[in-house]
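Here is what each chain is made of, one letter per residue.
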Amino acid sequence: MKRKSKQERQTELSQMLKKDPFYTDEELSDYFGVSIQTIRLDRLKLGIPELRERVKLVAENNINKVKTIGSKEIVGEIIDLDVGSLGISILETTDHMVYSKTNIVKGHFVFAQAESLAMAVVDAPVVLMGVANIKNINPIKANDRLIAKAEVIRVRDRKHYVHVKINNKNHEQVFRGKFIFDEIN
């Protein structure tokens, strides 16, 4: 593969981060075949903040849309939200979330990300989870980035049906869940 010119690389880098602001410098470095320092210099020249700041900005712009729960109660960071339709959140797993003998992330962290995102997309002020049908598909290790996508499938008789899928940074599905929330007066 022919290496891109600096101008081509910076243009493509800017477009990639507009589409998906969650690429790490390491992923971009591998993609473009340049050093991490080159990516950082490119971002600096283009005025693009580091990953942590990009995630924070996106989350701050979306958190005020949530009706059902408080921003501190959401597990992970909401990066996209269309209340009543769909939402996306990211959770960075840590060493504190794993079982010491297996290094696998404890299920309640993954479930909490899925449930809180599912509640966030529901277009109602107060809901109670009535049913959760979940499946853990692949093990999750410390330092995995989990990307959850929740979608409201149907609303019928004050019941909100929400499907959630969680993928790891390699785009492999690690969890899926179907939730039914009952709207409370």
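Shown above is the structure to which this text applies.
The shown structure was predicted, so the numbers you read here are calculated from the model rather than taken from an experiment.

Visitor: Is there a simple way to explain unusual backbone geometry in this structure?
Guide: In most cases, non-glycine residues show a negative phi, while peptide bonds are predominantly trans. Of note in the backbone geometry, Asn143 takes a positive phi value of approximately 70° without being a glycine. Mapped onto the secondary structure, Asn143 falls in the loop between strand S3 (127-136) and strand S4 (145-156). Its identity as a non-glycine residue notwithstanding, Arg158 has a phi of 65°, on the positive side. For Arg158, a relative accessible area of 40% corresponds to the partly exposed category.

Visitor: Is there a simple way to explain the sheet that holds strand S2 (residues 86-92) in this structure?
Guide: The strands that make up a sheet pair up through hydrogen bonds in the backbone, lying either parallel or antiparallel. Taking strand neighbours across the sheet as the criterion, the 6 strands line up as S1-S2-S4-S5-S6-S3 in an open arrangement whose pairing is antiparallel. Each edge of the open sheet is held by one strand with a lone partner, namely strand S1 (77-82) and S3. For this sheet the average axis-to-axis angle between neighbouring strands, irrespective of direction, equals 15°. Where S2 and S4 come together, 7 bridges link them in antiparallel fashion. Considered in S4, the bridge of Ile88 is made with Lys149.

Visitor: Would you take a moment to explain the side chain of Ser116 for this structure?
Guide: Mapped onto the fold, Ser116 is located in helix H5 (residues 107-121). By relative accessible area, Ser116 is classed as buried at 5%. At 2.8 Å, the side chain of Ser116 and the backbone oxygen of Ala112 are in polar contact.

Rules of the game
- Residues numbered from 1 in each chain as written.
- Predicted model: local features only at pLDDT ≥ 70, side-chain atom pairs only at ≥ 80, totals over all residues.
- Heavy atoms only, no water.
- Helix = DSSP H or I, 4+ residues; strand = E, 2+ residues; numbered from the N terminus.
- Buried < 20%, exposed > 50% of the residue type's maximum accessible area, 1.4 Å probe, protein only.
- Pairing = 2+ DSSP bridges.
- Axes fitted to C-alpha atoms, helices over the stretch in contact; angles between N-to-C directions.
- Polar contact = N/O pair within 3.5 Å; in protein donor to acceptor, adjacent residues only side chain to side chain.

Treat this as a map of the structure, not an account of what it does.
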